[in-house]
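Here is how the chains run, residue by residue.
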Protein chains: 2
Amino acid sequence: MTKSTDSDEAGHAKRYHHGNLVEALITATVEIIEERGAEHVSVREAAKRAGVSPGAPFRHFRSKTALLTAVAEQAMDRLTEAVAKAQSKIGSADPIEAFEAIGQGYLEWAITNPTHFQIISSRTLIDFEASDSLRHQNEAIRRRMIDLLTQAQQHGRLAPDIDFDHLVLAARALVYGLARMALDGHFREWHPSEPPALAAQRALRLFMSRMTILSKA
Amino acid sequence: MTKSTDSDEAGHAKRYHHGNLVEALITATVEIIEERGAEHVSVREAAKRAGVSPGAPFRHFRSKTALLTAVAEQAMDRLTEAVAKAQSKIGSADPIEAFEAIGQGYLEWAITNPTHFQIISSRTLIDFEASDSLRHQNEAIRRRMIDLLTQAQQHGRLAPDIDFDHLVLAARALVYGLARMALDGHFREWHPSEPPALAAQRALRLFMSRMTILSKA
DNA sequence: GTTGCGATGTAAACATTGATTACATACGCA
DNA sequence: TGCGTATGTAATCAATGTTTACATCGCAAC
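Rules and cut-offs
- Residues numbered from 1 in each chain as written.
- Chains lettered and ligands numbered in written order.
- Predicted model: local features only at pLDDT ≥ 70, side-chain atom pairs only at ≥ 80, totals over all residues.
- Heavy atoms only, no water.
- Helix = DSSP H or I, 4+ residues; strand = E, 2+ residues; numbered from the N terminus.
- Rg over C-alpha atoms; globule rule 2.2 N^0.38 Å.
- Buried < 20%, exposed > 50% of the residue type's maximum accessible area, 1.4 Å probe, protein only.
- Contact = heavy atoms within 4.5 Å.
- Near = heavy atom within 4 Å.
- Polar contact = N/O pair within 3.5 Å; in protein donor to acceptor, adjacent residues only side chain to side chain.
- Nonpolar A, V, L, I, M, F, W, Y, C, P; charged D, E, K, R; others polar.
- Buried area = accessible area lost by both parts, 1.4 Å probe.
- Salt bridge = Lys/Arg side-chain N within 4 Å of Asp/Glu carboxyl O.
- Least-squares fit on C-alpha atoms with pLDDT ≥ 70 in both.
- Domains from an automatic or database assignment.
- Core = buried A, V, L, I, M, F, W, Y, C linked by side-chain atoms within 4.5 Å.
- Axes fitted to C-alpha atoms, helices over the stretch in contact; angles between N-to-C directions.
- Parallel < 35°, antiparallel > 145°, perpendicular 65-115°, else oblique.
- Left-handed = near helix turned anticlockwise from the far one by under 90°.
- Phe/Tyr/Trp six-rings, centres within 6.5 Å; stacked < 30°, edge-to-face > 60°.
- Lys NZ or Arg CZ within 6 Å of the ring centre and 35° of its normal.

Regarding the overall build of chain A
Next up, step 1: For chain A, the helix and strand inventory stands at eight helices and zero strands.
Next up, step 2: Along chain A, from the amino end to the carboxyl end, the secondary structure elements read α-α-α-α-α-α-α-α.
Next up, step 3: Over its C-alpha trace chain A gives a radius of gyration of 21 Å, far above what one expects of a compact globule, namely 17 Å for 217 residues.
Next up, step 4: By principal-axis analysis of the C-alpha atoms, chain A measures approximately 75 × 40 × 30 Å.
Next up, step 5: Within chain A, buried positions represent 48% of all 217 residues.
Next up, step 6: Restricting to contacts in chain A with at least 6 residues of sequence separation, those with at least 24 account for 67%.

Here it is, written out as structure tokens:
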């Protein structure tokens, strides 16, 4: 059978202008990260998958780093969304429960989406400082955590002798550490009957239970 | 001034055989990681710094990954040494104190030597599974942590209702998370008056104090 | 409609990189 | 002394990031 025009994999007619190259490049890049890891992304490969010439990506991204940063921004949007959803899911207004929900939402998302989490947490492949979106969303989550713990402290739900700043630091480090351990394959030696995501959840639960005071209700 | 022979930067006569190329390449690679990050190491650059042709490194390392893995092995040796020293430094035989000393030694080393820690914790640039040395030393530290907590439990120094496996996981995640946060620049927003290494120490101290029971002595 | 301009693509080129191959040299042991 | 093998060089290859000159399309103004 003959075709009047060339076509790409999806069967669309191959036009000179792609129409949605930015999105296509980001999608292709995510695919490559899934297959080979973020360190082994190549712009040319992404261009090829988008059905476009090697130079085309540079019309939209100043550099390879800029492309990867765009991927990170998309990923951060999804993380923020997942964290928000985890918070709204628990009806409770209890600040401790809300705080833990952030951690659980973060953890679940990071473990379920290792590809996206990998690109977010990398600071050598992307230009974190140059992206307002990345910095602001990161800061927003951090501030929300501090707010919730401040509320908890005011309600007498934290041990009075506890150092507030270092508790926040420990909580963030615990969640971040669990997520990165999952990503870096540190769970390979874990009990096979308990999935990593569940183990991480329980470690966080343990931490919260020892650091906080149960509500009187 | 005239020289009878060519010489390298250090002034040694340039011989056809380098004499200690393996070490020189590892050293050069560490330098490059310090300057540009582990992702941007190039074998050719390492060869140039060692005063040798671009193909020479491949006589000693099958691939770029193998070179980076060798760097990781050297780094892991030093980490093991630092952890051992931190343990011997505290005279106490108290298992809880020994456990915390491991964490503090690990943390201090990782924060003081970000370059070496970076290459150890990367799992996409090196071939962790292929290196007996890396796997064994990693496993040794992990086993030592479990041993110490087991002893602590037997001496009644852990809360009886605590889940042992998840405590070990949380402890490891906390230390690993703190180390990676320092490496990834997450401490930039921290109080300038308290250095990151100290803040991390205190977060770990807080964790330990809430998870364990004070000795009667 | 036609025109024309800016946005978006292509093709070709360049320097750099990881890796291989054929050849050169020198160390150390018989 | 002589020779084999470990270790180096030089040349080469394909892949990559990025730039430049040119081609094509989309769309607003006339």
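Having seen it, we continue.
Side note on the protein's contact with DNA strand D
Next up, step 1: Taken together, the neighbourhood of DNA strand D is formed by 22 residues, with Arg44 and Lys64 of chain A together with Ser53, Arg59 and His60 of chain B sitting nearest.
Next up, step 2: Across the atoms of DNA strand D situated within 4 Å of the protein, the share located in sugar and phosphate is 51%.
Next up, step 3: A distance of 2.6 Å separates a base nitrogen of DNA strand D from a polar side-chain atom of Arg44 of chain A.
Next up, step 4: A distance of 2.7 Å separates a phosphate oxygen of DNA strand D from a polar backbone atom of Lys64 of chain A.
Next up, step 5: In the surface near DNA strand D, the residues fall into nine nonpolar, nine polar and four charged.

Remarks on the interface of chain A and chain B
It is common to give the size of an interface as the accessible area lost on bringing the parts into contact.
Next up, step 1: Contact residues are listed per partner, giving 41 residues for chain A and 42 residues for chain B.
Next up, step 2: At the boundary of chain A with chain B, total buried surface from both sides reaches about 3,700 Å², with 63% on carbon and sulfur atoms.
Next up, step 3: Taken as a group, His166, Leu169 and Arg210 of chain A account for 18% of the area that chain A buries against chain B, more than any other trio of residues on that side.
Next up, step 4: In this assembly, chain A and chain B are joined by two salt bridges.
Next up, step 5: We note a salt bridge from Arg188 of chain A to Glu129 of chain B, for which the minimum N-O separation is 2.6 Å.
Next up, step 6: Taken together, chain A and chain B are joined by 12 residue pairs in polar contact (both at pLDDT 80 or more).
Next up, step 7: Those elements that provide at least two residues to the side of chain A that touches chain B are α5 (114-121), α7 (164-183) and α8 (196-211) of chain A.
Next up, step 8: Examining the composition of the side of chain A that touches chain B, we find that 13 residues originate from one element, α7 of chain A, more than from any other.
Next up, step 9: In terms of residue class, the side of chain A that touches chain B is built from 19 nonpolar, seven polar and 15 charged.

Let's talk about the pattern of salt bridges
Next up, step 1: If you walk through the whole model with that rule in mind, you get 22 salt bridges over all chains.
Next up, step 2: Asp94 of chain B is the partner of Arg157 of chain B in a salt bridge, and the nearest nitrogen-oxygen pair spans 2.5 Å. Taken together, the residues span a long stretch of sequence, with Arg157 of chain B in the loop between α6 (132-154) and α7 (164-183) and Asp94 of chain B in the loop between α3 (64-89) and α4 (95-112) at a distance of 63 residues.
Next up, step 3: Taken together, the shared-partner salt bridges connect Glu31, Glu35, Glu45 and Arg49 of chain A into one network.

Brief notes about the relation of the copies chain A and chain B
Next up, step 1: Mapping chain A onto chain B calls for a rotation angle of 180° and an axial translation of 0.0 Å; the resulting RMSD is 0.1 Å. The two molecules are tied by a two-fold rotation axis, judged by turn and shift. The position closest to the rotation axis in chain A is occupied by the C-alpha of Gly177 of chain A, lying 1.8 Å away.

Here we look at the domain arrangement of chain A
Residues and elements named next belong to chain A.
Next up, step 1: Each assigned domain of chain A is listed with its residue range as follows: domain 1 (21-59) and domain 2 (64-211).
Next up, step 2: For domain 1 versus domain 2, the distance between C-alpha centres works out to 28 Å.
Next up, step 3: On the side of domain 2, 11 residues touch domain 1, which itself brings 13 residues to the contact.
Next up, step 4: A combined buried area of about 1,100 Å² lies between domain 1 and domain 2, and 73% of that area is made up of carbon and sulfur atoms.

Details of the nonpolar core
Next up, step 1: Core analysis: the biggest nonpolar cluster contains 137 residues, and Ile119, Leu178 and Phe207 of chain A together with Ile119, Leu178 and Phe207 of chain B have the highest contact counts within it.
Next up, step 2: Here Ile119 of chain B is in contact with Ile33, Ala38, Leu68, Val71, Ala72, Ala75 and Ile126 of chain B, once residues within four sequence places are set aside.

Some remarks on the packing of helix α1 (residues 21-36) of chain B against α3 of chain B
All names here are of chain B.
Next up, step 1: Two numbers describe how α1 lies on α3: the axes approach to 10 Å, and their chain directions differ by 85°. Here α3 runs roughly perpendicular to α1, going by the angle between their axes. When α1 is examined against α3, the residues Glu23, Leu25, Ile26, Thr29, Val30 and Ile33 are found in contact with a partner set consisting of Leu67, Leu68, Ala70, Val71 and Gln74.
Next up, step 2: The residue inventory of the contact of α1 with α3, partitioned by class, reads eight nonpolar, two polar and one charged.

Section: the packing of helix α4 (residues 95-112) of chain A against α7 of chain A
All names here are of chain A.
Next up, step 1: Running from N to C, α4 and α7 cross one another at 15°; their axes reach a closest spacing of 9 Å. Taken together, the axes of α4 and α7 are roughly parallel relative to one another. The two elements α4 and α7 cross, and the hand of that crossing is right-handed. Each of Phe99, Gly103, Tyr106, Leu107, Ala110 and Ile111 in α4 lies in contact with α7, whose residues at this interface are Ala171, Val175, Tyr176, Leu178, Ala179 and Ala182.

Some thoughts on the packing of aromatic side chains
Residue and element names in this part refer to chain A.
Next up, step 1: Enumeration over the complete set of coordinates arrives at seven aromatic pairs over all chains.
Next up, step 2: Ring geometry for Phe187 versus Trp190: centroids 6.3 Å apart, planes at 70°, classification edge-to-face. Just as Phe187 is buried, Trp190 falls in that class too.
Next up, step 3: Each member of the aromatic cluster is reached from another via a ring pair, and the members are Tyr106, Phe117 and Tyr176.
Next up, step 4: We note Arg123 situated over the ring of Phe128; from NZ or CZ to the ring centre the distance is 3.8 Å.

Some remarks on the side chain of Thr69 of chain A
Next up, step 1: Tracing the chain through its elements places Thr69 of chain A in helix α3 (residues 64-89).
Next up, step 2: For Thr69 of chain A, a relative accessible area of 8% gives the class buried.

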